[in-house]
Amino acid sequence: MKAAIYHGKEDIRVENIADPVLSDGEILLEIEACSVCGTDLRTYRNGDKKIAPPRVLGHEFCGRVIESRNPHANVQKGDRVVMYIVLSCGECKYCRAGRENLCISRTTMSYHYDGAFAPYVKVPARAVQRNSLFKVTTDQSAQQMSLAEPLGCVTNAHTHLGIGLQDRVAVIGAGPIGAMHAVLARLQGAQSVHLIDINQKRLDMMTRFDIDGTILSEKDGAHLEKSLELTNGEGFDVVIVAVSSAFAQADALEIAGKGARVEFFGGLPKSNPTAVLNTNHLHYKELMLSGSYSEKISDFRTAYQLIQSGRFPADRFITHELPLERIHESFQMMESGEALKVCINPQL
């Protein structure tokens, strides 16, 4: 079969490899759709020391069970499924607390096991045993269901924020993750939702979602003043940083109102992980600052159920579908702002 294989920084090749062969307890999926994540793009551009090449990438996927070596699995041959991609130990204090994302020995698909930028993917026995596969029971497309994984990560962040009817929300970063934050905030009843970005093309794409407006981030800081104007000089009640930018993290504290909740969703590059922040805002405005990483299985389940319900507009996120051979084009489209979310169909 052909697969997109990571060999190192800016070296992802579409190559022929052997079809997966199952061992006891494992399940084989035929992949119908695998969306391209910002992590895939970052891995391509910068490399990732946690990934030992060669490795098939791709972790946001939907597929169909075509073979099972586990008679007790919660899914059967022919089922369409999505997958919670974190494999946790189930024994450390974080796992016992239901925080599998923080497991001290966690492994994940496309990092430690081959991912889904390929026609077939093998699901490890431990994941099958832990019921990490979720059966798709509605007619949502595979492209739409592939968004369950990133939406689960967004859901994890929102468990800290408690967004409600009185909240004015700002999301910094108008990529697919930022858009998911904005949509989820609206579904939670936010009074207003605004998106902030440095790229006007990206902001223009946000009109497809139920938001109140966008703000272009300016070098002269004019966007900070506009943020205050939109909130009667008070600042936003919730600010979510959905971009890997130290400047965005600093801006978040500036536009947050008194008693606001601030979420740093995107981590910074490991080569330059520090930010200069005015921490007086934390003190004098009594801000609550949180971070989030990956997702718990409960977050994934919530995202999966939300997409299946039809209440989450997953169809508005996928702007392009490409065959596996054109995966490099997806990176260019994402960087330019031409695409919001690109989905790879390995069967094309």
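These numbers were taken from a predicted model, which means no experiment stands behind them.

Sorry if this is basic, but what is going on with the overall build of the protein here?
When its secondary structure is counted, the protein shows 12 helices and 18 strands. Oriented by its inertia axes, the alpha-carbon framework of the protein measures out at about 60 × 40 × 40 Å. The burial tally for the protein puts 57% of its 348 residues in the buried class. Here the contacts in the protein between residues at least 6 apart in sequence split such that 70% fall between residues at least 24 apart. Here the protein displays about 15,400 Å² of accessible surface, and carbon together with sulfur accounts for 48% of that area. Positive and negative side-chain charges of the protein, numbering 37 and 41 respectively, have mean locations separated by a distance of 4 Å.

Mind showing me how you'd approach the layout of surface pockets here?
Summary: where empty space remains is shown by rolling a probe the size of a single water molecule over the atoms. The space that makes up the second largest pocket amounts to roughly 200 Å³. Met1, Pro20, Asp114, Val121 and Lys122 are, among the 16 residues lining the second largest pocket, the residues nearest its centre. Tallied by class, residues from the lining of the second largest pocket come to 11 nonpolar, one polar and four charged.

Would you explain a negative patch on the surface in this entry?
Together, Glu218, Asp220, Glu225 and Glu229 make up a region of like negative charge exposed at the surface. Structurally, the position occupied by glutamate 218 is in the loop between strand E13 (213-216) and helix H8 (222-230).

When you look at empty space enclosed by the protein in this model, what are you seeing that I'm missing?
Applying the stated criterion to the full structure yields one cavity of 30 Å³ or more. In this structure, the largest cavity spans a volume of roughly 30 Å³. Looking at the largest cavity, the residues that line it are His59, Glu60, Phe61, Val82, Met83, Ile85, Met145, Ser146, Ala148, Glu149 and Phe300. At the level of elements, strand E5 (60-68), strand E6 (80-83) and helix H5 (148-158) are the ones that each hand at least two residues to the lining of the largest cavity. For the lining of the largest cavity, the residue count by class is seven nonpolar, two polar and two charged.

Can you walk me through helix H6 (residues 176-187) in this structure?
For an α-helix, the turn length of 3.6 residues means that residues three or four places apart are oriented alike. With 12 residues, H6 extends 16 Å from end C-alpha to end C-alpha; this agrees with the ideal 16 Å at 1.5 Å per step. Among the 12 residues in H6, 10 count as buried, and that is most of the element. Those residues of H6 not exposed but buried are Pro176, Gly178, Ala179, Met180, His181, Ala182, Val183, Leu184, Ala185 and Arg186. Note on H6: the residue one or two positions beyond its end, glycine 189, has a positive phi of about 100°.

Before we go on, may I ask you to explain the packing of H5 against H6 in this structure?
In a packed pair of helices, the relevant descriptors are the angle between the two axes and the axis-to-axis distance. Between H5 and H6, the least distance of the axes is 10 Å, while the angle of their chain directions is 55°. Considering the angle they form, H5 stands oblique to H6. The crossing of H5 and H6 is right-handed. For the pair formed by H5 and H6, the contact residues are Pro150, Leu151, Val154, Thr155, Ala157 and His158 on the first element and Ile177, Met180, His181, Leu184 and Ala185 on the second. Of the residues assigned to the contact of H5 with H6, the class counts are eight nonpolar, three polar and no charged.

Quick question: what am I supposed to make of the sheet that holds strand E2 (residues 11-16) here?
Two pairing modes exist for strands in a sheet, parallel and antiparallel, and in both the strands are linked by backbone hydrogen bonds. The three strands lie next to each other as E2-E1-E4, forming an open sheet whose pairing is antiparallel. Two strands close off the open sheet at either side, each with one partner strand: E2 and strand E4 (55-56). Alignment of strand E1 (residues 2-8) against E2, held across six bridges, turns out to be antiparallel. From the neighbouring strand, isoleucine 5 faces E2, where its bridge partner is arginine 13.

Explanation requested: unusual backbone geometry in the structure shown.
The phi angle of most residues is negative, glycine excepted, and most peptide bonds adopt the trans form. At the junction of proline 53 and proline 54, the peptide bond is cis and its omega measures out at 0° in the coordinates. The topology assignment puts proline 54 in the loop between helix H1 (38-46) and E4. The phi angle at serine 110 is positive, at roughly 75°, despite the residue not being glycine. Mapping serine 110 onto the fold places it in the loop between strand E8 (107-108) and strand E9 (120-123). Backbone geometry at glutamate 286 places phi at a positive 50°, although glycine is not the residue there. Position of glutamate 286 relative to the elements: it lies in the loop between helix H10 (280-284) and strand E16 (288-291).

How each quantity is defined
All residue numbers refer to position in the chain's written sequence, counted from 1. Local features in this predicted model are restricted to residues whose pLDDT is 70 or higher, and side-chain atom pairs enter the listing and the counts only when it is 80 or higher, whereas totals over whole chains, interfaces and linings include all residues. As a convention, hydrogens and water are excluded, and side-chain values are obtained from all of the structure's heavy atoms. Secondary structure elements follow DSSP: runs of H or I no shorter than four residues count as helices, runs of E no shorter than two count as strands, and numbering proceeds from the N terminus. Relative accessible area decides the class of each residue, using a 1.4 Å probe on protein chains only: under 20% of the type maximum gives buried, over 50% gives exposed, and in between gives partly exposed. Residue contacts follow a heavy-atom distance rule, with two residues in contact if any of their heavy atoms lie within 4.5 Å. Per-residue and other accessible areas follow the Shrake-Rupley method at a 1.4 Å probe size, with only the shown protein chains counted as cover for residues. Only four residue types enter the charge count: Lys and Arg as positive, Asp and Glu as negative, with His and the chain ends excluded. Here the site of a charge means NZ on Lys, CZ on Arg, CG on Asp, or CD on Glu. A cavity here means a set of points on a 1 Å grid, drawn over the protein atoms and nothing else, where a 1.4 Å probe fits but cannot get out; a pocket is an open set with protein on both sides within 12 Å along at least five of seven lines, and a residue lines either one if it has an atom within 4 Å of a point. Grid points are joined across faces, edges and corners, and a volume is the space filled by probe spheres set on the points. Only Asp, Glu, Lys and Arg are considered charged, only Ala, Val, Leu, Ile, Met, Phe, Trp, Tyr, Cys and Pro nonpolar, and every remaining residue, Gly among them, polar. Without a salt bridge and with relative accessible area above 30%, a residue can belong to a patch; like charges are then joined within 9 Å and nonpolar side chains (Val, Leu, Ile, Met, Phe, Trp, Tyr) within 5 Å. Just to be clear on terms, a salt bridge is a Lys or Arg side-chain nitrogen sitting within 4 Å of an Asp or Glu carboxyl oxygen. For a helix, the expected span equals 1.5 Å multiplied by the number of residues minus one. Every axis corresponds to a line fitted to the C-alpha atoms, with the helix fit spanning only the stretch in contact, and the corresponding angles, defined between N-to-C directions, vary from 0 to 180 degrees. The labels follow the angle: roughly parallel below 35 degrees, roughly antiparallel above 145, roughly perpendicular from 65 to 115, and oblique for the rest. Take the far helix as the reference: if the near one is turned anticlockwise from it by less than a right angle, the crossing is left-handed, and if turned clockwise, right-handed. Strand pairing is defined by DSSP finding a minimum of two bridges between the two strands.

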